[in-house]
Each structure stands twice: as C-alpha cells, then as structure tokens.
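Residues per chain are reported as follows:
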Amino acid sequence: GWMLGSVYRRGRRPPENPQISIIHKCQDYLVVNKPYDVRIDGDHDHTVEKMIKSLYPEIEKPRLIHQLDYATSGIMCWGLNKKATAAASKLFSDRKVSKTYLALVKGRMPENQIYTFTWPIADDPNDEFKMAIGTTENPGKEAKTTAQIVSYAKFSGEDVTKVALQLHTGRRHQLRVHLKQAGYPIIGDATYTDDEQTFRMMLHSWKLTLPLPTGTLSFITPDPFTELVEDEIMFVSTKSNEMSEHSENQLTSTTLKTSETQNKNIRTENELTNTNDVVDDEKNNSKRQKYEK
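Computed from a predicted structure; not experimentally measured.

What counts and how
- Residues numbered from 1 in each chain as written.
- Predicted model: local features only at pLDDT ≥ 70, side-chain atom pairs only at ≥ 80, totals over all residues.
- Heavy atoms only, no water.
- Helix = DSSP H or I, 4+ residues; strand = E, 2+ residues; numbered from the N terminus.
- Buried < 20%, exposed > 50% of the residue type's maximum accessible area, 1.4 Å probe, protein only.
- Contact = heavy atoms within 4.5 Å.
- Areas by Shrake-Rupley, 256 points an atom, 1.4 Å probe, with all protein chains shown as cover.
- Core = buried A, V, L, I, M, F, W, Y, C linked by side-chain atoms within 4.5 Å.
- Pairing = 2+ DSSP bridges.
- Polar contact = N/O pair within 3.5 Å; in protein donor to acceptor, adjacent residues only side chain to side chain.
- Salt bridge = Lys/Arg side-chain N within 4 Å of Asp/Glu carboxyl O.

**So, the overall build of the protein**
Line of reasoning, step 1. In terms of regular secondary structure, the protein is built from 6 helices and 16 strands.
Line of reasoning, step 2. Split into buried and exposed, the 293 residues of the protein put 54% on the buried side.
Line of reasoning, step 3. Counted over contacts in the protein with a minimum sequence separation of 6, partners at least 24 positions apart contribute 69%.
Line of reasoning, step 4. When the accessible surface of the protein is split by element, carbon and sulfur atoms take 49% of a total near 13,900 Å².

Here it is in structure tokens:
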C-alpha cells in the first residue's frame, strides 16, 4: 500500500502522467484506449472523462456506455448524444456486443483447446470490494467466459500464458475471478492475488464489436503485452483480426466446472437469462468508487 495525504491506499501507486489515445470519433461515439490504473470518472486527478474533456473541450458530457475496471486498460466506448448512447447501451444489455480481452496469466495453460468457464459470480460476503465464485448459500449470477491460448512466454523469469478472453456476460471482475478459480490468475492482479510488485494488472480490453442498427462498429487495439514478455511462442496472431472467434469447431472444448453441488447453479448458454449487465455494472459502481485498485 501507499500513503495519500493521511489516507492509506491498498494496491499500487497510480501512474503520474497517464496518456489516452483515441481509436475512433464520429458524431455519435468516441472510442478510446484507456490507460491502466486510471478511474473512469469522479473527483480524482486523472480520469478517462477528464482526459476526453481536455482533448475535446466541445464535448460537454461524454456518456458512459459500459465499464472497465480501474486496473484494466483498453477499448472503451463513450456516447456523444442520448440516442446513440441508448442504442449502444441496449446492445450491451442484450448481450449482442462482442468483447475480447487479452491477459497474461500465471503458469502454462494447455494450448490445444478452448476453455469455457461457467462459474457463477457473487458478491464476496467477507470483502465489499471483491467478488467470489457463487455457492449454494451465496449463488450470485450466472457468468460465462471463453478463453483461447494466444502464446507462451516468460515474464520476470516465470512461465506465463497469454490468453484471449471472450466475455459472454458482464459480471464485475468476471475475468479475474474466473481465471483465478481455473488456477491461472492474472499477473499483477493485486485484488485477487498477493502480486503487488508487478507494475500493472495484465488485463487489456483488446477488441470490441458493436452491431448497431446504423451499421457494425468494430475496433481492435495494439497488444500491450508483447513488449513486456520474453521468449514468446505465438499460437495465434494478435496483430490484426486474425483470431477466429469460431475456432471452437476445430478445437476440443474443455469446460472447467465447480463441484457437483455448485453445478446446479450453472446453466447452459441457451438458458442464460437476459440480465441487464449494464445495470449490474451500475449497481457495483459504489463498490468501485470506494476501493479502487
């Protein structure tokens, strides 16, 4: 932890001068590449909202469409008017948005398969900032993540795996909790592991596709992790849209599940209810503001 005035903060000291880059701007949307360890909005020195306003003073109020965790970098889409914001928000709540993340995780995940994680995600009863895997007493909400191995590499001398992750639901901290439960925690995740020495959490919002009524918007950002690792052995290119989102057909599908009692909480994708994930995000905003890390 570190001191800020007289307030003791958990986690890492945020970057002194974070930089934001613009991926796309039109009359309806502004899509940015969010720096890691920067809050989205609120009364803080650096926020994504303040960075947008400093670059585009004419934008009075950029409108939030979806959330990214404080420690996560990558693609984030903002609305520039009510109508466009509502259209994009509906895609998120109807689960029609394709969201692909890159992460560096601890250890080596076997590479010849697609992983499907379906553990439910619940509030952690012992820590109001954290989430946990659902149990019979604390069932939480259904969640689904698929993971594909991108590469093997070394980071700080240790074996790591780079994975491409697709979010099929939008639970708070879903990727971090699912990967930890699978036994491959995200490098630098100071909330769910004791790794506070790595300079950032290695989770990046890499690709985003919005099938809007006015036409599909699709974005991809540079892979920020290639330059941080050594001895990288690539299985899937991250340079462009070469990653197939339907390569499950060629690969054996491994579903990692919890014990039988918890399997009652796990449903197939077809049975997943259309819970409004945007509302889910908003509900957790108060948690987020309190203990960002």
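**Comments concerning the nonpolar core**
Line of reasoning, step 1. Core analysis: the biggest nonpolar cluster contains 53 residues, and Val-32, Val-105, Met-109, Phe-117, Leu-165, Ile-186 and Leu-203 have the highest contact counts within it.
Line of reasoning, step 2. Sorting elements by how many residues they give to this core places strand β11 (residues 145-155) first, with 6 residues.
Line of reasoning, step 3. With near-sequence residues (within four places) excluded, Val-105 lies in contact with Asp-159, Val-160, Thr-161, Val-163, Leu-179, Tyr-184, Pro-185, Ile-186 and Ile-187.
Line of reasoning, step 4. Judged by nonpolar contacts, the second largest core, of 15 residues, contains Tyr-29, Val-97, Leu-208 and Leu-210.

**Let's talk about the environment of Ala-182**
Line of reasoning, step 1. Of note, Ala-182 is situated in helix α3 (residues 174-182).
Line of reasoning, step 2. In sequence terms Ala-182 and Trp-119 are 63 residues apart; their C-alpha atoms lie 9.7 Å from each other.

**With respect to unusual backbone geometry**
Glycine aside, residues mostly have negative phi, and peptide bonds are mostly found in the trans state.
Line of reasoning, step 1. For Asp-37, which is not a glycine, the phi torsion comes out positive at approximately 55°.
Line of reasoning, step 2. Within the fold, Asp-37 resides in the loop between β4 (29-34) and α1 (48-55).
Line of reasoning, step 3. In this structure, Ser-156 is a non-glycine residue whose phi angle is positive, near 50°.
Line of reasoning, step 4. Relative to the helices and strands, Ser-156 is located in the loop between β11 and β12 (158-167).
Line of reasoning, step 5. By relative accessible area, Ser-156 is classed as exposed at 64%.

**Some details on the environment of Ala-122**
Line of reasoning, step 1. Assignment of secondary structure puts Ala-122 in strand β9 (residues 121-123).
Line of reasoning, step 2. Measuring from C-alpha to C-alpha, the distance between Ala-122 and Val-177 comes to 10.0 Å, with 55 residues separating the pair along the chain.
Line of reasoning, step 3. The contact partners of Ala-122, leaving out residues within four places of it in the chain, are Met-131, Ala-132, Gly-134, Asn-138, Pro-139 and Gly-140.

**Structural notes on the pairing of strand β14 (residues 215-220)**
Line of reasoning, step 1. Note that strand β13 (residues 203-212) and β14 share 6 bridges and pair antiparallel. Following the sheet pairing, Thr-209 is matched in β14 by Ser-218.
Line of reasoning, step 2. Linkage of β13 to β14, two consecutive antiparallel strands, is achieved through a turn of 2 residues.

**A short note on the pairing of β4**
Line of reasoning, step 1. Where burial is concerned, most of β4 is hidden: 6 out of the 6 residues are buried.
Line of reasoning, step 2. Here β4 shows two buried faces, one formed by Tyr-29, Val-31 and Asn-33 and the other by Leu-30, Val-32 and Lys-34.
Line of reasoning, step 3. The sheet contact formed by strand β3 (residues 21-25) and β4 spans 4 bridges and is antiparallel. Residue pairing in the sheet places Ser-21 in a bridge with Asn-33 of β4.

**Regarding the environment of Thr-238**
Line of reasoning, step 1. Mapped onto the elements of the fold, Thr-238 is located in the loop between β15 (230-234) and β16 (252-256).
Line of reasoning, step 2. Each C-alpha atom, one on Thr-238 and one on Leu-102, is 9.1 Å from the other, the two residues being 136 residues apart in sequence.
Line of reasoning, step 3. Ignoring sequence-local partners within four residues, the contact set of Thr-238 consists of Leu-102, Val-150, Lys-162, Trp-206, Asp-223 and Thr-226.
Line of reasoning, step 4. Side chain to side chain, Thr-238 and Asp-223 meet in a polar contact 2.9 Å long.

**Examining the pattern of salt bridges**
Line of reasoning, step 1. Per the counting criterion, the structure on display carries 8 salt bridges.
Line of reasoning, step 2. Two residues, Asp-94 and Lys-90, come together in a salt bridge whose shortest N-O distance is 2.5 Å.
Line of reasoning, step 3. Measuring nitrogen to oxygen at the nearest pair gives 3.1 Å for the salt bridge that ties Asp-189 to Arg-176. Within this pair, whereas Asp-189 is found in the loop between α3 and β13, its partner Arg-176 is found in helix α3, the two being separated by 13 residues in sequence.
Line of reasoning, step 4. Note on Asp-189: relative accessible area 1%, which makes it buried.
Line of reasoning, step 5. What emerges from the salt-bridge pattern is a single network uniting Asp-69, Arg-176 and Asp-189.

**Re the side chain of Lys-99**
Line of reasoning, step 1. Within the secondary structure, Lys-99 sits in strand β7 (residues 98-106).
Line of reasoning, step 2. By relative accessible area, Lys-99 is classed as buried at 12%.
Line of reasoning, step 3. Discounting chain neighbours no more than four positions away, the residues touching Lys-99 are Phe-92, Leu-165, Gln-166, Leu-167, Thr-169, Gly-170, Lys-207 and Leu-208.

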